[in-house]
Amino acid sequence: MGLTKQYLRYVASAVFGVIGSQKGNIVFVTLRGEKGRYVAVPACEHVFIWDLRKGEKILILQGLKQEVTCLCPSPDGLHLAVGYEDGSIRIFSLLSGEGNVTFNGHKAAITTLKYDQLGGRLASGSKDTDVIVWDVINESGLYRLKGHKDAITQALFLREKNLLVTSGKDTMVKWWDLDTQHCFKTMVGHRTEVWGLVLVSEEKRLITGASDSELRVWDIAYLQEIEDLEEPDPKKIKGSSPGVQDTLEAEDGTFEMDEAPEDRILSCRKAGSIMREGRDRVVNLAVEKTGRILACHGTDSVLELFCILSKEEIKKKMDKKMKKARKKAKLHSCKGEEEDPEVNVEMSLQDEIQRVTNIKTSAKIKSFDLIHSPQGELKAVFLLQNNLVELYSLNPSLPTPQPVRTSRITIGGHRSDVRTLSFSSDNIAVLSAAADSIKIWNRSTLQCIRTMTCEYALCSFFVPGDRQVVIGTKTGKLQLYDLASGNLLETIDAHDGALWSMSLSPDQRGFVTGGADKSVKFWDFELVKDENSTQKRLSVKQTRTLQLDEDVLCVSYSPNQKLLAVSLLDCTVKIFYVDTLKFFLSLYGHKLPVICMDISYDGALIATGSADRNVKIWGLDFGDCHKSLFAHDDSVMYLQFVPKSHLFFTAGKDHKIKQWDADKFEHIQTLEGHHQEIWCLAVSPSGDYVVSSSHDKSLRLWERTREPLILEEEREMEREAEYEESVAKEDQPAVPGETQGDSYFTGKKTIETVKAAERIMEAIELYREETAKMKEHTAICKAAGKEVPLPTNPILMAYGSISPSAYVLEIFKGIRSSELEESLLVLPFSYVPDILKLFNEFIQLGSDVELICRCLFFLLRIHFGQITSNQMLVPVIEKLRETTISKVSQVRDVIGFNMAGLDYLKRECEAKSEVMFFADATSHLEEKKRKRKKREKLILTLT
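These numbers come from a predicted model, not from an experiment.

### A few points about the overall build of the chain
Then, number 1: Within the chain one finds 15 helices and 57 strands.
Then, number 2: Oriented by its inertia axes, the alpha-carbon framework of the chain measures out at about 125 × 105 × 65 Å.
Then, number 3: Looking at the 943 residues of the chain, the share that counts as buried comes to 50%.
Then, number 4: A total of about 46,800 Å² of accessible surface is found on the chain, and carbon and sulfur atoms cover 53% of it.
Then, number 5: On the chain, the mean spot of the 123 positive side-chain charges and the mean spot of the 136 negative ones are 5 Å from each other.

Written out as C-alpha cells, the structure is:
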C-alpha cells in the first residue's frame, strides 16, 4: 500500500516562561561545593536549578510526563529525590543531572520525601495513605507502612533511634518502630488535619502544626532512658507510671491510644502551645538543619520565625529571672527580716521558644526553605504563588533582626497566565502577554529580551516590519509599543468593552478589531509627527465601524481581503464583504459561542472552534458545513491553520493540542504536555514552530521535524499507550495468604515489571530449547562417531557466544533493582523449577551471589507452599541450602576482610597526617579555604 498523504511530526522542543510550579516545594541544593546559592524548583514535569546570585537557570532535571509534587535533597548534597503526581520517585544526580534510580510503589501523588541522617534510606508518603521506606543504595523497597486513613503530610526519621514519625490529614501522628515495621503509638491530640511536623531540642520535642493558629509542642521521653536512670524521682516526673501518665493527658485534653503498654518505646506529653499570628491553617512548618530556627507560614504572604533556645541560654535566662524575682521579693518583704524569702520562678514554653520576626513576601507563599550560614546569617528562599522566587536574609542573633530581600527571579516568566501569543514575521521573536506585562522571547535561545508593562492583554500582533507591537486589552484599549526602546507609544480607547480579537489586513496597511461593545472597527496605520522629536512615529487611525446586534468574540480577514468573518455571542459566524460591509453568509450550527476561528491560506475553508467542544469546517464559497469534528473534551480555546496548507491546530481546556487535516477530516496527532487549560497558541509564519501557553504558567515550544508521520502507526502507538496505562491500573498481583488489594510489598505492577517478567520467561524458554538441542547434538555425535558442528543461537552470539545459562544470568542482571521483586511476583510458577536449578549452578560458580540470593529468597517466600509440596524440587532445595550457606559465608568473609583492610589504611593515614580522617579532614580543609579567602580579601583591600 502506497502512502496516500504524508504528514510531518511535531515534537516538544522546550518548556519556558515558568519559574516554579505551585504543586511542589522549593529546596536549597549544594552545587560545586557552594551552599545557599542554588535552589531546585519544580517546573511542571521538570526540575529547574536556579542560580540565585545571577538569576540564571543552570540545570534542568528532565521529567517524563507527570508533574513534580515533592523535592528532597540527600544529606550528602549529591542527589535530589523527586516525587511525581503518579506516585513514582526518581533520584537525580546533581553532578550529571541524570535520573538513574526510579521507585514505583505509590498509587497517588507523593506528598512528602525525607532521607535519614546518612542518606541510605528514603521515606515517602503519598495521597494513597501509605508510607514506604526505600533502600537508596540497593535501589529497592524495604517495607510499606499502612495505618493512616488519609493523605500523609510529613514523615521524619529519628537520628539516634530506628524510629519514624508520620503525620496525616486524618488528624493522627503515628510513631513507627522500623525494626519490627509496626506502629507502636498513635497520638490523637489534634482535632483537625496535621499539616506539619518537626523534631527539635535534640529530638526531645515534637512540634505539630494543624488547621488552627496554635503550634502544639510535645515532650518526648524515651522509656529505655528513664529506666536506665538509677534515681527513682525522674520516673515520676516523666510520668512513666501509667496512672499518672493518663491523668496528665486527660487534663491536657489529649488522649493517646497505645497498642500495648508493655512495648512502649517512648511517651509523649503535651508541653503547651505557641500561638502563631496567622489565623488560617499551617501550610508548611520546617526547622533549619541546626535545629535552632523554626519557621511556618499559612495561606498568606507572611513567614513567622521562632528561635529555639539551647539549654545554656535557657539557664542564663532563668538565672536572670530568678535575680529579678529575688530583688522584687526583697523589696516587698519587711525591712526587719534577715533571711532570703523563698522565690519560685516557673519556666514557660515561651521562654524556650521565642518569636524572632516575620518575613513579608510580595505575594502568597507556596513553599520555602531555610539555610543557616556559618557566619550566623539565615537565608530564606520562597516560591510564591505568582511564578516568582525570592531570597531574604537576616541575622537572627541581633536584638531586632530586619529581613532584607537580597535577590529575586522574575524575568523568566509572567506573574499571571499568558492570554495571547504572536510570532514575528522572521520566526525568531515570540511575543507573550499577560494581565500586567508583555515579554518578547528569542525563540532559539528562549531568553526573555524585553519586558514591558501593559494592561490586561487579550490579543496581540507584530506590526509589519517587526519593530512595533499592538496589544488589545480587557478594558477595550489599543496599546502600541516600540520594541527597540520598550516604550509605550500610544494608548487608544478603541471599544467600550473588552477588545476580544484583532486581525491584520492581508495588504498589511491596517487591521480590524472586534469588541464586547457589539462593534467591529477598521484601523489604518499612519505616520504622525512626534512632539518630543523631529522624526515621525507610527500611529493608527479609525476609518470605519460595523455595528452588530451581539458581542463580537473573534474577527478574521480572508487572504484576498474581500471577506471578513465575525464570530458573535449568538453562536453564529457572520461573513461580510470588506468593501461595502454588506452581509454575505451566516454559518450556524454550533450550540455554544464560537471562541476561535481561522481562514485557510487560499480562502477556500474556514474552521471554527466553539465552547461546545466541536470544530466545524465550512466552505467559504457557499457557507456549507463540510464536517463537524468532536475535537476536545472541553472548550476549544484556540484554532490556527498552518501557513500554506489545509492542516490546522486546535488547543483545548482539556490540556491537549491537536493537529487536524481539513481536507481529509483526519485527526493527525495530539501534543500532550500541558498540565492545565491551554489559553492560546501561535503557529510561526514558516509553519515550523508552534508556541502554546497554559494555566500552568508554562509556555511550550513545539518543533516540526523531518520525520514522516503515518496515521495507522500513530493510532497503534496511542492504543499501546492506553494499554500500558491500563496495566498499572489493573489489580495488583496478590501473594497466597493475602487479600486482593492488600499490598505487602513496596513495588507496584507497571509496564516495566511486566516486560521484565516477559524477558525472564523468554530467557528460560531459550535455555530449555538450547539444553534440548545440546542433548540431541551429543546423541548425534555419538551415533556419527565424530564431532558434528553445532549451530549457535543468534541471540547468544549477540551476547558474545555465551552459554544459555549465562544468558539467563545476564537477563537477571539487566533488571532494575527496584523492579526485581515485582517482576518475579508476576512470573508463572512453571518457570520457577528451572530458575531454582540455574540458581544452584550460579551460586556454586560464585557469580553474583548477592543478587541470586535476593531472587532466591523472594521466590521461596512467595511460592513456599508449591515448592515444599513438589517432590522433584526437594533435592534441588537441599543442594541450594548447602551451597548458599557456604557461599554467603564466603562473601561475608571477603567483606569482613575488606573492612579490616580499610580500617588499617585509615589508621595508617591518621598516624601520618595526625588529623582525624574523613569528617574532620573536610572541616579542616574548609577552615583553610576560609582563612585563605580572608587573606586574599585583605590583600585586595590593601592593594
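From this point, things continue past the structure.
### Focus on the packing of helix H7 (residues 751–784) against helix H11 (residues 832–845)
Then, number 1: For the pair H7 and H11, interaxial distance at closest approach is 11 Å and the crossing angle is 75°. With respect to their mutual orientation, H7 and H11 come out roughly perpendicular. Between H7 and H11, the residues in contact are Ile-760, Ile-764, Tyr-767 and Arg-768 and Asp-834, Ile-835, Leu-838 and Glu-841, respectively.
Then, number 2: When its residues are assigned to classes, the contact of H7 with H11 shows five nonpolar, no polar and three charged.

### Description of the nonpolar core
Then, number 1: Formed by 38 residues in total, the largest nonpolar core has its most connected members in Ile-760, Val-808, Phe-812, Leu-824, Ile-835, Leu-836 and Phe-839.
Then, number 2: When contributions to this core are tallied by element, the ones reaching two or more residues are H7, helix H9 (804–814), helix H10 (820–825), H11, helix H12 (849–862) and helix H14 (874–913).
Then, number 3: Apart from residues no more than four positions distant in its own chain, Leu-836 is found in contact with Leu-856, Ile-867, Leu-873, Val-876, Ile-877 and Leu-880.
Then, number 4: By size, the runner-up hydrophobic cluster in this structure holds 21 residues, among which are Ile-359, Ala-363, Leu-378 and Leu-394.

### A look at the sheet that holds strand E29 (residues 388–394)
Then, number 1: If you walk across this open sheet you meet the four strands as E27-E28-E29-E30, and the pairing is antiparallel. Strands at the two margins of the open sheet, each flanked by one partner only, are strand E27 (365–372) and strand E30 (404–409). Along the sheet, successive strands turn relative to each other by an average axial angle of 20°, direction set aside.
Then, number 2: Pairing analysis gives five bridges linking E29 to E30, with the strands arranged antiparallel. Bridge assignment links Tyr-392 to a residue of E30, and that residue is Arg-405.

### Topic: the domain arrangement of the chain
Then, number 1: Here the chain is described as being made up of domain 1 (22–145), domain 2 (146–220 + 264–311 + 349–383), domain 3 (416–712) and domain 4 (749–888).
Then, number 2: Between the C-alpha centres of domain 2 and domain 4 there is a distance of 51 Å.

### Remarks on helix H6 (residues 711–729)
Then, number 1: Taking 1.5 Å of rise per residue, 19 residues should cover 27 Å, and H6 covers 27 Å from first to last C-alpha, within 8% of that figure.
Then, number 2: Those residues of H6 that fall on the buried side of the exposure criterion are Leu-711, Glu-714 and Val-727.
Then, number 3: Tucked into the core, H6 has its buried residues touching strand E1 (7–16), strand E54 (666–672), strand E57 (699–709) and H7.

### What to know about the pairing of strand E2 (residues 27–31)
Each regular strand shows side chains that alternate between the opposite faces of the sheet.
Then, number 1: In terms of residue burial, E2 counts as a mostly covered element, since four of its five residues are buried.
Then, number 2: As defined by bridge partners, E2 adjoins strand E3 (residues 34–43) across four bridges and the pair is classed as antiparallel. Residue pairing for E3: Val-27 is matched across the bridge by Ala-40.
Then, number 3: A loop of two residues connects E2 with E3, the two strands running antiparallel in sequence, and Arg-32 in this loop sits at a positive phi of about 50°.

### Re a negative patch on the surface
Then, number 1: Residues Glu-758, Glu-762, Glu-765 and Glu-769 make up a contiguous surface patch of negative charge.
Then, number 2: Position of Glu-769 relative to the elements: it lies in helix H7.

### Some details on the UniProt feature "domain: Small-subunit processome Utp12" (unreviewed entry) in the chain
Then, number 1: Per the UniProt record, "domain: Small-subunit processome Utp12" (unreviewed entry) is found at residues 805–907.
Then, number 2: For residues 805–907, helix accounts for 81% and strand for 0%, while the C-alpha atoms at its two ends are 44 Å apart.

### Examining the pattern of salt bridges
Then, number 1: Scanning all chains against the criterion turns up 36 salt bridges.
Then, number 2: With its nearest N and O atoms 2.8 Å apart, the salt bridge here joins Glu-352 to Arg-205. Taken together, the positions of Glu-352 in helix H5 (residues 349–352) and Arg-205 in strand E19 (residues 205–209) put the pair 147 residues apart, joining distant regions of the chain.
Then, number 3: Overall, the relative accessible area of 12% leaves Glu-352 in the buried class.
Then, number 4: With its nearest N and O atoms 2.9 Å apart, the salt bridge here joins Glu-313 to Arg-292. Of the two residues, Glu-313 is situated in helix H4 (residues 311–332) and Arg-292 in the loop between strand E23 (284–287) and strand E24 (293–297); the sequence distance between them amounts to 21 residues.
Then, number 5: Among the charged side chains, a salt-bridge network with shared partners connects Glu-34, Arg-37, Asp-51 and Arg-53.

### What to know about a positive patch on the surface
Then, number 1: Among the surface-exposed residues, Lys-929, Lys-931, Arg-932, Lys-933, Lys-934, Arg-935 and Lys-937 lie close enough to one another that they form a single positively charged patch.
Then, number 2: Within the element layout of this structure, Lys-931 appears in helix H15 (residues 919–942).

### Regarding the packing of H11 against H14
Then, number 1: Remark: H11 packs on H14, axes separated minimally by 9 Å, with the N-to-C direction vectors making an angle of 30°. Comparing the axis directions of H11 and H14 gives the class roughly parallel. Read as a crossing pair, H11 and H14 show a hand that is left-handed. When H11 is examined against H14, the residues Leu-836, Lys-837, Phe-839, Asn-840, Ile-843 and Gln-844 are found in contact with a partner set consisting of Val-876, Ile-877, Lys-879, Leu-880, Thr-883, Thr-884 and Lys-887.
Then, number 2: Here the contact of H11 with H14 is built from residues that sort into six nonpolar, four polar and three charged.

### Quick word on the sheet that holds E24
Then, number 1: Within the open sheet, the four strands sit side by side as E23-E24-E25-E26. Their pairing is antiparallel. Looking at which strands have only one partner, the edges of the open sheet turn out to be E23 and strand E26 (353–360). Neighbour-to-neighbour, the strand axes of this sheet turn through a mean angle of 20°, independent of strand direction.

Conventions adopted
Residues numbered from 1 in each chain as written. Predicted model: local features only at pLDDT ≥ 70, side-chain atom pairs only at ≥ 80, totals over all residues. Heavy atoms only, no water. Helix = DSSP H or I, 4+ residues; strand = E, 2+ residues; numbered from the N terminus. Buried < 20%, exposed > 50% of the residue type's maximum accessible area, 1.4 Å probe, protein only. Areas by Shrake-Rupley, 256 points an atom, 1.4 Å probe, with all protein chains shown as cover. Lys, Arg positive; Asp, Glu negative; His and termini not counted. Charge placed at Lys NZ, Arg CZ, Asp CG, Glu CD. Axes fitted to C-alpha atoms, helices over the stretch in contact; angles between N-to-C directions. Parallel < 35°, antiparallel > 145°, perpendicular 65-115°, else oblique. Contact = heavy atoms within 4.5 Å. Nonpolar A, V, L, I, M, F, W, Y, C, P; charged D, E, K, R; others polar. Core = buried A, V, L, I, M, F, W, Y, C linked by side-chain atoms within 4.5 Å. Pairing = 2+ DSSP bridges. Domains from an automatic or database assignment. Expected span 1.5 Å × (residues − 1). Patch = residues over 30% accessible without salt bridge, like charges linked within 9 Å, V, L, I, M, F, W, Y side chains within 5 Å. Salt bridge = Lys/Arg side-chain N within 4 Å of Asp/Glu carboxyl O. UniProt positions renumbered as here; feature names shortened; annotations may be inferred. Left-handed = near helix turned anticlockwise from the far one by under 90°.

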